[in-house]
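Each chain is listed here by its residues.
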Amino acid sequence: MWSREIEEEEVCSGKLDGVMATRARKKQRKGSDTAVQGTNDSSVVSKASAAAQGYFRDPFIQHFVCKVPRRAPLINRGYFVRWRAVDHCVRHFLHITAKCPKRQILSLGAGFDSLYFRLRADGALDGTVVFEVDFPDVARRKAALVTSNATLRGLLDPCLPPSPHAGPIYLCSSQYRLLGVDVREESLTEEALSAAGLDWAAPTLILSEVVLTYMETQRSDAVISWAAKRLPRSLFVMYEQIRPDDPFGRVMQDHFLKLNSTLRALHQYPDLPAQRQRFLDKGWERCVCVDMNAFYLGLVPQEERDRIETLEPFDEHEEWHQKCSHYFILTASRGALMEQALLSQTSVPSVSPSWSSTELKARAVPVCLEGLGLASTWMRLEGLLLTGGSSRGGRVTQSRSLIRDQDGWRSTTIEASADLGVRLYHTVTPLPGGGGAVVYGGRSSPLRPNSDLFKLTFDSSTAKAPHPDAEKVQVERMDCTGNPPPPRFRHTATVVRHGGRHFLFVFGGKNQSACALGDSSFLSLDQQLWTEFPVGGDVPAARHSHSACSYLGSVVVFGGLSREGEPLGDLSLLTPTERGFDWIRAAVRPPPVPRYSHCAHVLGDQLIVVGGVWMHSDGAPGVVVVSLSTYSSVEFRLDTSSVPWPLMLHSFCSELTDSGEPALLLIGGGGNCFSFGTHLNPQPVSVRLQPVYDYLQPPGL
């Protein structure tokens, strides 16, 4: 099929020439088409999984699969937003054309889609005929499934039933025609549609759901032009991929290359403006396209999004937003009536980055170490502790260390006096005066957040050994009194001062019952007492996956993901008052691009923010520097040309280092890239910060 989540293999002609080359290409083409048709089941099975878990109502999709498995929540969400976007466009078209005596839906590469059966059962097809086109073998299989199933067959009323072997019309009902024809063959497709009764003058919706991108671009462009020429009152609806060149896009492309296939349209039409111009150049009068983040946040009501949040335990926000930023839904119109059926012009408020011309060089550190959701802290000079997280081998239970000596960085084991247990997205906060660190919170699964507190003390004698086999850490559970906050993960825990005493300030996060938390809690470190303070001022919105840094006795909070699922770009300071604390919101100019799942550090009077996930800007986040004295900001791109893999900077940890000049050490990061496989950064990465200071303080000033 042309193809729902299917790939067309590239034709490799080698060095054959003449007739032999032509025959080789035809043979390869035939094999490619067979592979495309044979993988039809993947998409329909994923849709059936999402429907079975309640993401959308489709009682008919189950009849097209042998068994309905349960896909991962990320896959279910991905197929939900795809289904929801197409359904939105189709029903809007039917609403706009409700008074037309005749209207049509033409689905290209329909595969085992259940669209007709859903609409027919809903009574939404008055005066409408649905035409489905796919390869003959796919159409034959679908016809056999439909005619052998009483539920599906019951939604057809025979109208000139064809012979099972006659083709190209494999099923013919008053409102449904199933055709077996290769849509790349324009004349054959047009002839078959005419024979099936398509009215070329009637309002028509043409649906292409992950179909055209697997054709040679010249052929897919021809399909778009042909539809515009032959259907003067039509709406083209297309769902496909974009953004091939950022880290997620590279993983996406690599996935298809491993299957010996290519997303052909991506290189010529890599983004939304290019796709829009493509349709305008091919004869369409108006075109609106949005990525799936904009669709989900702009056109799916908050009530429905809240319902989705309750269906399954979920904590893959980064991968979800990245998947949505790499797919789009497009509508293009011909004729005045169809212009009314276009997608609404919607977008999530976005901020363009204020890029500096200076790039920061990123270099891989030759140590094999991966993980996501881990946390780090300095044990001693040139010695880092890494706790928790997960890797390809599963959840990490044993703490690790990174040590730097004259030979460079190396990883060693940890001898801990007690087990910290399985935990991801927790915090490890260094105590004042080198007094160790505090581990707080985290989760073993999205349904199992915890509120454990451990004090870590580091054995200073280890530093005297030239090459210790293991770093030694004393682990002591903290039994605290007072009213503790609810368990959480993806929070921050930072040291703040009040009345000459130090407190662990816990802010934000999420747990199994809250999409985002906005409470503030204070733990007296010397008394191990949860202490209540009045907190006033401009209180920040609830959030998780933000950053918080100690600064001159206060705390600087930046970014995060809101309760509504939108990245935040605000900066707030929690400052001590005589009785408690006040929040002060700083107006940063130019405003940084909203992001979350980043890391941040204070260096002098500068807030250094690295990595994270943003939604609507080109490229991937690098480093944004915010002056805490003037509240000005500037973004720096990362030069990753020396890093031999896609560098994904989310769900990672980082530390400031200073070996002659300041630098960032970025450790871990990555995630499950939708259905394209898991990518974890295999090594730490170092980023020099000296160019930042050269930029901010030019020579001679």
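Residues numbered from 1 in each chain as written. Predicted model: local features only at pLDDT ≥ 70, side-chain atom pairs only at ≥ 80, totals over all residues. Heavy atoms only, no water.

Under an unreviewed UniProt entry, the name given to the chain is tRNA wybutosine-synthesizing protein 4, and the organism recorded is Poecilia reticulata. Under Pathway (unreviewed entry), UniProt gives the following word-for-word description of the chain: "tRNA modification; wybutosine-tRNA(Phe) biosynthesis." Of the chain, the UniProt comment under Sequence similarities (unreviewed entry) reads exactly: "Belongs to the methyltransferase superfamily. LCMT family." (UniProt positions renumbered as here; feature names shortened; annotations may be inferred.)

In this section: unusual backbone geometry. Note the cis peptide between arginine 589 and proline 590, where omega equals -10°. One can find proline 590 in the loop between strand S30 (581–586) and strand S31 (599–603). Of note, arginine 243 is a non-glycine position whose phi angle comes to about 55°, a positive value. Classification of arginine 243 as buried rests on a relative accessible area of 13%. (Helix = DSSP H or I, 4+ residues; strand = E, 2+ residues; numbered from the N terminus. Buried < 20%, exposed > 50% of the residue type's maximum accessible area, 1.4 Å probe, protein only.)

With respect to the helices and strands, arginine 579 occurs in the loop between strand S29 (567–576) and S30. Sequence spacing of arginine 579 and valine 535 is 44 residues, and the spatial spacing of their C-alpha atoms is 9.0 Å. For arginine 579, the contacting residues outside a window of four places in its chain are His498, Phe533 and Pro534. (Contact = heavy atoms within 4.5 Å.)

Below, the discussion takes up the domain arrangement of the chain. Size of an interface: often given as the accessible area lost when the parts come together. For the chain, the domain assignment lists domain 1 (27–341) and domain 2 (355–460 + 468–696). Here the C-alpha centre of domain 2 lies 42 Å away from the C-alpha centre of domain 1. Taken residue by residue, the interface counts 31 residues in domain 1 and 37 residues in domain 2. Across the interface of domain 1 and domain 2, roughly 2800 Å² is buried in total on both sides, 62% from carbon and sulfur atoms. By the criterion of area lost to domain 2, the three top residues of domain 1 are Val251, Asp315 and Glu318, representing 22% of everything that side buries. Viewed at the interface, domain 2 and domain 1 are joined by four salt bridges. For lysine 510, the salt bridge identified is with aspartate 315, shortest N-O distance 3.8 Å. Connecting domain 1 to domain 2 are 13 residue pairs in polar contact (both at pLDDT 80 or more). Sorting the residues of the side of domain 1 that touches domain 2 by element identifies helix H3 (73–96), helix H9 (247–258), helix H12 (292–299), helix H13 (302–311) and helix H14 (317–325) as the ones contributing at least two each. Each residue belonging to the side of domain 1 that touches domain 2 can be placed in one class, and the counts come to 13 nonpolar, eight polar and ten charged. (Domains from an automatic or database assignment. Buried area = accessible area lost by both parts, 1.4 Å probe. Salt bridge = Lys/Arg side-chain N within 4 Å of Asp/Glu carboxyl O. Polar contact = N/O pair within 3.5 Å; in protein donor to acceptor, adjacent residues only side chain to side chain. Nonpolar A, V, L, I, M, F, W, Y, C, P; charged D, E, K, R; others polar.)

The strand order across the open sheet built from eight strands is S3-S4-S2-S1-S5-S6-S8-S7, with neighbouring strands paired in mixed fashion. Among the strands making up the open sheet, the edge pair consists of strand S3 (169–173) and strand S7 (286–291). Across this sheet, the average inter-strand angle for adjacent strands is 15°, counted without regard to direction. The sheet contact formed by strand S6 (residues 234–241) and strand S8 (residues 327–334) spans eight bridges and is antiparallel. Bridge pairing in S8 places glutamate 240 opposite phenylalanine 328. (Pairing = 2+ DSSP bridges. Axes fitted to C-alpha atoms, helices over the stretch in contact; angles between N-to-C directions.)

Another point: the packing of H3 against H14. Direction vectors running N to C along H3 and H14 enclose 30°, while the axes themselves pass 10 Å from each other. Comparing the axis directions of H3 and H14 gives the class roughly parallel. Crossing of H3 against H14: the hand is right-handed. Residues Leu74, Arg77, Gly78 and Val81 of H3 form the contact with H14, whose participating residues are Glu319, Trp320, Lys323 and Cys324. Looking at the contact of H3 with H14, its residues break down into four nonpolar, one polar and three charged. (Parallel < 35°, antiparallel > 145°, perpendicular 65-115°, else oblique. Left-handed = near helix turned anticlockwise from the far one by under 90°.)

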